[in-house]
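Analysis of the macromolecular model
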Amino acid sequence: MALDKNAIAKRIAKELKDGYYVNLGIGIPTLVANFIPAGMQIVLQSENGLLGIGPFPVKDEVDPDLINAGKQTITAVPGAAFFDSSASFAMIRGGHIDLTVLGAFEVSEEGDIASWKIPGKLVKGMGGAMDLVASAKNIIVAMMHTNPQGESKLLRHCTLPLTGVGVVKRIVSDLAVLDVTPDGFKLIERAPGVSVQEIMNATEGRLIVEGEIPEIEL
Amino acid sequence: MCEILLTMNKIVKNAFEAIKGIESNMTIMLGGFGLCGIPENCIAALAESDINGLTCISNNAGVDGFGLGMLLRRHQIRKMISSYVGENKEFERQLLSGELEVELTPQGTLAERIRAGGAGIPAFFVPAGYGTEVAEGKPVREFEGKMYLEERWLKADFAIVKAWKGDTNGNLIYKNTANNFNQVMATAGKITIAEVEELVPAGTLDPNYIHTPGVFVQRIFQGTNYEKRIEFTTTRPG
């Protein structure tokens, strides 16, 4: 069975390591915060100027001067730090953020990512996505393997305007965990009950399957 | 303890006095991220003026009828330099009809272009946007095996920022994530206007906690009636 959004987030949470500074994008990536293993110290960065994102506030705590990059009201954990946008992107550009998790419209087998613009649809802008993908030490993409029409989003070459080139390291989709390698998408794990053949059918880019592929454990 | 306080005449009465000298077709910077930390008083004063043809450097473009949406509604903006411009129907309409020009810039590059403008650095290299349409027409160069593209500084005739506390010397302290683009923009205006929630005498704020040293600020006033609209109120039970 394909993973739902929460299960994708839960699988990505297994990539976290104690002491990581992490930037989570909008959508499925945000859900990863709900699955941080107990006892693990993870500091979440919000690119509008916060290290140490806490949970949503209770009603009485809502503060219009405290929001995340999705413009939602949030809290700051004890030990948090605030800073301005240029310091925030110095952290990102300077490689001080250990892991970035973000969504994508398309990923290519060379690690290119398209996530910000669909020609013919209104362009809202790239926000911080181009800065994040160009500089994070490790980038995991959380995405659906195919679009609603069943067409693959893991391609030989991206068809949409790019956000970054050769930057994606790992993809966690509803069907599989895959690594971007010089030879194509390497299948690492498959969703429970999903066959290798189903993943092949849903992947337009080159897929490398070596040996027995274990199921994702959640 | 030094008894002589530095006193300078940076105080203006209100937003109307603060924006004196802003003329049509000028370039202005406005702090804020979404509606968080925007200079509400000065935007409202601009919206009551006849100034138009503005180039606005701001991370976002407000929402319909609030923030920069107030200036868009009155067709006062000719061009936006921003990283993300969603949440605004009038903006979309003017963009599609060709009334409005937009230069989309990656958010970190936008912040750094402003920092460079304030710090006197005309150009610099960043990896963001390499290989994308953002790189079109820009020189690229390899450093230590990685490709970077050249970006240029941004400066403004006026930078308008919003701070939490400020003193009569123009020293500023921002609150929480309402800092965002304000601190960096304060450095990049030929004239920087600061509107603050609380204006105090010089010598009151702890010099160790100043975000923006007063040298960057030419005009300061205590704003009134801050609405601080929230775009998405999200809460947990309890």
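Since we're looking at a predicted model, the values are computed, not measured.

Rules behind the numbers
Every chain's residues receive numbers from 1 upward, in the order its sequence appears when written. Naming scheme: in the order in which they are written, chains are lettered from A and ligands are numbered from 1. Only residues with pLDDT of 70 or above have their local features reported here, since the model is predicted, and side-chain atom pairs are shown and tallied only from 80 upward, although totals for entire chains, interfaces and linings are computed over all residues. As a rule here, side-chain values come from all non-hydrogen atoms in the structure, and water together with hydrogens is ignored. Any two residues having at least one pair of non-hydrogen atoms within 4.5 Å are treated as being in contact. The term buried area denotes the loss of accessible surface (1.4 Å probe radius) that occurs when two parts are joined, taken as the sum for both partners. The working definition used for a salt bridge is a side-chain nitrogen of Lys or Arg within 4 Å of a carboxyl oxygen of Asp or Glu. In the analysis that follows, any N or O atom pair within 3.5 Å is treated as a polar contact, provided that within protein one partner can donate a hydrogen and the other can accept it, and provided that, for residues neighboring in sequence, both atoms belong to side chains. Working definition: helices are DSSP H or I runs of at least four residues, strands are E runs of at least two. Numbering for both runs from the N terminus. Burial classes: relative accessible area under 20% of the type maximum marks a residue as buried, over 50% as exposed, and values in between as partly exposed (1.4 Å probe, protein chains only). Strands qualify as paired when DSSP identifies two bridges or more between them. Inter-axis angles, ranging from 0 to 180 degrees, are taken between N-to-C directions of lines fitted to C-alpha atoms, where helices are fitted over the stretch in contact.

1. Describing the interface of chain B and chain A
Opposite the 50 residues of chain B that make contact, chain A presents 47 residues. Between chain B and chain A the total buried area reaches about 4,000 Å² when both faces are included, carbon and sulfur atoms providing 61% of it. Here chain B and chain A share four salt bridges between them. The shortest N-O distance in the salt bridge between B:Lys175 and A:Asp63 comes to 3.9 Å. Along the contact surface separating chain B from chain A lie 21 residue pairs in polar contact (both at pLDDT 80 or more). Examining the composition of the side of chain B that touches chain A, we find that six residues originate from one element, helix H5 (residues 107-119) of chain B, more than from any other.

2. Re the side chain of B:Asn179
Tracing the backbone shows B:Asn179 in the loop between strand E9 (172-173) and helix H6 (182-185). A polar side-chain atom of B:Asn179 sits 2.8 Å from a polar atom in the side chain of B:Gln183.

3. Brief notes about the pairing of strand E12 (residues 184-190) of chain A
For a regular strand, side-chain orientation follows a simple rule: the groups alternate between the two sheet faces. Residues and elements named next belong to chain A. Of all seven residues in E12, five are buried, a share of seventy percent or more. As judged from the six bridges shared by strand E11 (residues 176-181) and E12, these two strands associate in the antiparallel manner. What sits directly across from Asp 179, in E12, is Lys 186. From the end of E11 to the start of E12, which pair antiparallel, there are two residues. Bridge analysis of E12 against strand E13 (residues 207-208) gives two bridges, and the strand direction is parallel.

4. Some points on unusual backbone geometry
Glycine aside, the phi torsion of most residues is negative, and most peptide linkages are trans. Phi at A:Lys71 takes a positive value of approximately 65°, unusual for a residue other than glycine. Within the secondary structure, A:Lys71 is located in the loop between strand E3 (50-53) and strand E4 (76-82). Taking relative accessible area as the criterion, A:Lys71 reaches 5% and is therefore assigned buried. The phi angle at B:Asn176 is positive, at roughly 50°, despite the residue not being glycine. Within the element layout of this structure, B:Asn176 appears in the loop between E9 and H6.

5. Brief notes about the sheet that holds strand E7 (residues 146-152) of chain B
Residues and elements named next belong to chain B. In space, the three strands of this open sheet follow the order E5-E7-E6, with antiparallel pairing throughout. Among the strands making up the open sheet, the edge pair consists of strand E5 (123-126) and strand E6 (140-143). For this sheet the average axis-to-axis angle between neighbouring strands, irrespective of direction, equals 40°. Pairing of E6 with E7, which is carried by four bridges, proceeds in the antiparallel orientation. By the bridge assignment for E7, Glu 142 is matched with Met 147. Most of the contacts of H5 go to E5, to which it runs at about 155°, and overall it touches E5 and E7.

Purely geometric numbers; function is a separate question.
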